Amino acid sequence: MVSNGTLGQTCPHPMKATSNGVFQGDSPLDFALPLAILQICVVLIVTRGLSVLLRPLRQPRVIAEIVGGILLGPSALGRNKDYLQAIFPPKSITVLDTLANLGLLFFLFLAGLELDPRSLRRTGKKALAIAMAGIGLPFTLGIGSSYVLRQTIAKGVNGTAFLVFMGVALSITAFPVLARILAELKLLTTDLGKMAMSAAAVNDVAAWILLALAVALSGNNVSPIVSFWVFLSGCCFVVCSFLIVPPIFKWIGKRCHQGEPVDETYICATLAIVLAAGFVTDAIGIHAMFGAFVIGILVPKEGPFASALVEKVEDLVSGLFLPLYFVSSGLKTNVATIQGLQSWGLLALVIVTACAGKIVGTVTVSLFCKMPMAEALAMGFLMNSKGLVELIVLNIGKDRKVLNDQTFAIMVLMALFTTFITTPLVMAIYKPAKGGSKTDYKHRTIERKVSNTQLRILTCFHSSRNIPSIINLLEASRGTDKHEGLCVYALHLMELSERSSAILMVHKARRNGLPFWNKGLRADSNQVVVAFEAFQQLSQVSVRPMTSISSLSDMHEDICTTADSKRAAIIILPFHKHQRLDGSLETTRTDFREVNMRVLKHAMCTVGIFVDRGLGGTTHVSASNVSYSITVLFFGGRDDREALAYGVRMAEHPGIRLTIIRFRVEPGSLQEIVMVETSADPAAKLILQDDDFLTEFKETHSKNASIAYEEKSVRNVAETISIIGKLNRCNLFLVGRTPESEIALALNGSNESPELGPVGCLLTSSEFSTTASVLVMQQYYEKLSSD
């Protein structure tokens, strides 16, 4: 054993990679690979668990990861030396740090990949002024606080490097964290959100430049000549990269075609270039992540190549390796080092300095730019959010011996506090004015007194799978005889995940309603846009594709708000099941059912749930080739009247045959049907409304050869199901969600899908054989929620 120069102490044995197993006497915790696996599992369990706990507070996941890292470190669980020695022994830290920095390297590559340099050139003067104020004042105050810290707890550190590190740490705005907060608060596409994102992007780039300067100054060699050479070499690397790398990626981009899989060779070559760039910048003396970030910026953003890179790398990096970086930071953070009145006073000083610099500087310039006070304050709090970039700065400072343990702990707590308060403060101060229901928003239903008015439809979809059927449904709905025609808003529903790409896609959505996918961010994007554009041109229907990216818990708010702002008469939602090749319905995601249920409850217009069984096939059927048989099952009630009103509009299309089947209960057979308790007067009133509606319908359309009306008398449920079964060869069923009829309610067996109602459940059950799609209608009624 080699002595390390201190009596009684020896160098620890290097850890072997894998063990021979417990049966051969090896403890897995003494070997690098099984210990690293255990560490990763512990980190994921703790950080994901905290993320779930903090979700009701609408906190970004970075908060859970920072807190999780601190809890696993010496500040909390690490106080137990047995735990720390078993799970995070000193000999394993090198492996953990290596994995964490590898994840960080590829995460910074993704960050560069999603930062478009052209968007910075388009930044307005107002956003640029806010960004400069959000950097300048905090940087100056950071320099001032660095003098106080150097006189107290940071004696003997490299003065110049410490000054720059403190300035950078206080002036940073975390771009991905800010995007997540804005998306959670539904502010990304508002003027405030776009201004904040533009300012944060400028701030981000400036922070990286300042950080590169700080790293160059923080070497072990105190000679300024060395720092100068490091910084100069870094500049040369950037210049050479901008000259050499873009032609390579341009050549690769020409060989990656839209809609085709990207060759694995190009993905591997790009990742190799990222690693090589990281090696070069590390050899220069700047952190390896800078090289990866530069390469990410240089990858062209158009075409499928960038999208494929994100898809291949992001989940593994963000979900698995990046949390290790937070734990690596947590293991260096010991809150117990903050002791005594002086240390806690310095923590308060740093927090106040950081908040005051960001908020005062941003608010002052915002007010000077004639922003309202509430927006200016919200902008100040938003720009004050920190996150991963802050931890990167602090970790580099800790590794370079610029920040000692106490200063590092103070700065980590400052970053945690400033980010945590952002969401609640913005929610308390800034409440964007929501446009109330417009006074001219009269037509919230299909059934209306004046039938020749424009019909506005908000149709929603989750993926391109159902686009052909939706377009065919819209083609059948356009009512060729109507004077004002059809106006369609196609809303692409995307879940707001923790993936930075999903968050930043929201920022790319333009306010005029054009979808972000026009920029080629997704492989299937062109198919969607081309399909709707072709339908608009061929059918002379006004179609506006839009995008909503929100968490599933409040996705219904986006749908209802959009329908209200666009004055839609009906919202068409996709059913949470799709048809398999054998014809059965398979559940895609059950949480989409909850979204549909909340829309049914809160929508201020009619809602239809579309069960797609391939209406019209897999392609758009042109108007001249439309040949559909549509059946309305009428039991009674406002929802059935709405379904019939929609069917009548569809029947105006020359290629559609409409059949209305009204079910009546034979007198004397009610004892065979389970009765529903209801007061006599409302029931009689509903029957009267149905009779009046049908009488008017028959008078108006008695001479229309494409419409057939029949009445069927039934005695029990079996007869009803038998009659419906004979109609299974039609293309589309239109039914009401809550029919006002005992016999219809008696159809409800398992109640597997309450959002479809009893008749809809029957038509989608595995026992009922049909290839027809189903549209279940719920008519808007002002007292619906109270009922």
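Residues numbered from 1 in each chain as written. Predicted model: local features only at pLDDT ≥ 70, side-chain atom pairs only at ≥ 80, totals over all residues. Heavy atoms only, no water.

The protein is annotated in an unreviewed UniProt entry as Cation/H(+) antiporter 18 of Heracleum sosnowskyi. According to its UniProt record, the protein has this under Subcellular location (unreviewed entry): "Membrane". Recorded under Sequence similarities (unreviewed entry), the UniProt text for the protein is reproduced unchanged: "Belongs to the monovalent cation:proton antiporter 2 (CPA2) transporter (TC 2.A.37) family. CHX (TC 2.A.37.4) subfamily." (UniProt positions renumbered as here; feature names shortened; annotations may be inferred.)

Peer 1: Could you clarify how one ought to interpret the environment of His-701 in this entry?
Peer 2: Inspection of the secondary structure puts His-701 in helix 25 (residues 680-701). If near-sequence neighbours (up to four positions away) are discounted, His-701 is found in contact with Val-648 and Ile-707. (Helix = DSSP H or I, 4+ residues; strand = E, 2+ residues; numbered from the N terminus. Contact = heavy atoms within 4.5 Å.)

Peer 1: Honestly, the pattern of salt bridges in this entry has me stumped. Any pointers?
Peer 2: Pairing between side chains becomes possible if they bear opposite charge and their charged atoms approach one another. Enumeration over the complete set of coordinates arrives at 12 salt bridges. In this structure, the salt-bridge partner of Arg-662 is Asp-691, at a minimum N-O distance of 3.1 Å. Here Asp-691 lies in helix 25 and Arg-662 lies in strand 9 (residues 656-665), a separation of 29 residues in the sequence. On the accessibility criterion, Asp-691 (27% relative accessible area) is partly exposed. Two residues, Glu-710 and Lys-712, come together in a salt bridge whose shortest N-O distance is 3.4 Å. Given the relative accessible area of 34%, Glu-710 is considered partly exposed. Judged by its relative accessible area of 28%, Lys-712 falls in the partly exposed class. When salt bridges that share partners are traced, they join Arg-662, Arg-664, Asp-691 and Glu-711 into one network. (Salt bridge = Lys/Arg side-chain N within 4 Å of Asp/Glu carboxyl O. Buried < 20%, exposed > 50% of the residue type's maximum accessible area, 1.4 Å probe, protein only.)

Peer 1: What should I look at first to understand the packing of helix 22 (residues 555-565) against helix 23 (residues 591-602) in this one?
Peer 2: The packing of two helices is summarised by the inter-axis angle and the distance between the axes. Where helix 22 contacts helix 23, the two axes come as close as 9 Å, and the packing angle between them is 40°. Between helix 22 and helix 23, the crossing angle belongs to the class labelled oblique. Like other packed secondary-structure pairs, helix 22 and helix 23 cross with a definite hand, here right-handed. The residues of helix 23 that touch helix 22, namely those facing Met-555, His-556, Ile-559 and Cys-560, are Val-595, Arg-598, Val-599 and His-602. The class makeup of the residues in the contact of helix 22 with helix 23 is five nonpolar, two polar and one charged. (Axes fitted to C-alpha atoms, helices over the stretch in contact; angles between N-to-C directions. Parallel < 35°, antiparallel > 145°, perpendicular 65-115°, else oblique. Left-handed = near helix turned anticlockwise from the far one by under 90°. Nonpolar A, V, L, I, M, F, W, Y, C, P; charged D, E, K, R; others polar.)

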